[in-house]
Amino acid sequence: MSVMMKGKCGYVIILMALYWCTECIPLSVTALLPVILFPMMGIMQSSEVCIQYLKDSNMLFIGGLVVAIAVEKWNLHKRIAILVLLIVGVKPAFLMMGFMSTTAFLSMWISNSAATAMMLPIAGAVLQQLCDTEANAEEREYGLSAAKDGQENQAFEMGDTKENHKKELRPKDSSINMGECLTVFLKGMSLSVCYSACIGGTATLTGTTPNVILKGQIDELFPENGGIINFASWFGFAFPNMLLMLALSWLWLQFMFLGFNLKKSFGCSTKRDADKEAYQVIKDEYRKLGRMGFAEGCVLVIFTLLVILWFTREPGFIPGWATVLFNKDKTYVTDGTVAIFMSALFFCIPSKLPRCCRKSSDGAPAEAPPALLSWDIVHRKFPWNVLLLLGGGYALAHGSEKSGLSLWLGESLIPLQSIPPYAITILMTMLVAAFTECSSNTATTTLFLPILASMATAIKIHPLYVMLPCTIATSLAFMLPVATPPNAIAFSFGNLKVIDMAKAGFILNIIGVLTINLAINTWGVAMFQLDSFPSWANVTKSP
């Protein structure tokens, strides 16, 4: 392929990178530029470009989001969240841990933004009640103490007026301290919720968009990979990493906003009334949900079945149900097949338990109850722009391969063979984590993965050794309010300053980079055989 063709494809990539970083036009519109530019420049035919916008990984993304919409519509996520909070209690350290673990779990299945937006008001109500009760208890104690002192020795009332003046100020000072305590704790809680949403999204293949992009890019660039990335293999690698990152993040936020006063943080308040009344707020929220209805139960059953089918489709250590029943010679059934099948059930199952021969008040046959989901709800809540972003990334990757740009780029990066692979991975994850602070994580993943794949094949290291940690690193957007929607939600809710988020997020970025590299060099190597160059990655096709 001529140098001119490579230059044209490089121009398209640079142009889209600039548009994605500056957001001068909507991200999804930028993602459609290959449909215009690739055919006009003679890189690919229009039909070949357009087919990249709806691949198997897109179907996985669609199915996963439809399930998430159903969970949100019937408030199943809120019931799970409040149940967890009732278990962990209201001690400050445990409360923060409870909110972080709950948000992370929800973000594994629903959008990070939805999990953050749901958890923050609950956190605010609990903290407000906790601090109000503490202040009231201080005032009651002061009143009882003053009355007791007056009865025991009235002579001292006229004695030391200066000391009495100090005592009179105590309730006021106490309320000021309680206000400061609430402000600081609310900042810490707001940050913990938005950070845990981003961290939790890394644990599942459908948890956040970059994960799906990685699967799509691996399947596009290395079609003979044998389905190395599926729901079970991703979860096996990413879930332990998420737990480690979440625990270290909790320790850092605990130290930054609460300190390591064990009596204060784990023993919490010395007033049992404060604990009881704050706990009552959570119980009241749960009581408002009422008993689990038929619709909510159906959503829970479908959701549970989906997760079980995903895990058992191709677990790796034994043949999965898909291998036994369908995929005997080819991969017919994928995670996308399962996602679409289970999400289609939401449009078939009624939201109320059907009753035979039921009639309306006027004697006419009663109308059938509506389904668990209607297309109007899905159409309104589904992020169609992200679907186009996914397609734009796949089109770019395919265009780079067809034009020969990816092969040329890989050959140019051969001198990197002299650098140890672990050093390359650390540098790349740091670069991606910094880049994603000022760019969409979806755009960052789309831009970097084809380059990383070319580099890996050129220097003969396993493509996943660099692509997998860099994909997770795109979720380490902790420092700026504009870096990711959960950050922006928490920034406005918790009355945060940019410096608050920057100080907390800088250390969390370092923690994230270190844990990801620890994971990829330990159990990641064992799971994916990352210490050897796979035969399926040896793509030396001439364009």
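Here the structure is a predicted model, which is why all the values come from computation and not from measurement. (Residues numbered from 1 in each chain as written. Predicted model: local features only at pLDDT ≥ 70, side-chain atom pairs only at ≥ 80, totals over all residues. Heavy atoms only, no water.)

A. The arrangement of the confidence of the model for the protein in detail. Residues of the protein with pLDDT of at least 70 account for 84%, and the chain-wide mean is 82. Taken element by element, the predicted model of the protein shows its lowest mean pLDDT in helix H12 (residues 262-265) (56) and its highest in helix H22 (residues 463-473) (94). In the predicted structure, residues 155-176 sits below a pLDDT of 50 and forms 11 contacts with residues beyond four places in sequence or in another chain. (pLDDT = per-residue confidence, 0-100. Helix = DSSP H or I, 4+ residues; strand = E, 2+ residues; numbered from the N terminus. Contact = heavy atoms within 4.5 Å.)

B. Broad picture of unusual backbone geometry. In the Ramachandran plot, Lys460 falls in the positive-phi region, its phi being about 60° despite a non-glycine side chain. Mapping Lys460 onto the fold places it in the loop between helix H21 (441-459) and H22. For Gln529, which is not glycine, the phi dihedral falls at a positive 50°. Residue position: Gln529 is located in the segment after helix H25 (523-528).

C. Structural detail: the side chain of Thr484. Its place among the elements puts Thr484 in the loop between H22 and helix H23 (485-493). For Thr484, a relative accessible area of 11% corresponds to the buried category. If we ignore the near neighbours within four places in the chain, the residues touching Thr484 are Cys198 and Ala477. (Buried < 20%, exposed > 50% of the residue type's maximum accessible area, 1.4 Å probe, protein only.)

D. Structural detail: the packing of aromatic side chains. Here the structure, examined in full by the defined rule, presents 18 aromatic pairs. Centre to centre, the rings of Phe382 and Trp384 are 4.4 Å apart; their planes meet at 45°, and the pair counts as tilted. For Phe382, a relative accessible area of 5% puts it in the buried group. By relative accessible area, which is 35% here, Trp384 ends up partly exposed. A network of ring pairs unites the aromatic residues Phe105, Trp109, Phe231, Phe235, Phe239, Phe303, Trp310 and Phe311 as a single cluster. One Lys or Arg, Lys73, reaches over the ring of Trp74 and ends 4.5 Å from the middle of that ring. (Phe/Tyr/Trp six-rings, centres within 6.5 Å; stacked < 30°, edge-to-face > 60°. Lys NZ or Arg CZ within 6 Å of the ring centre and 35° of its normal.)

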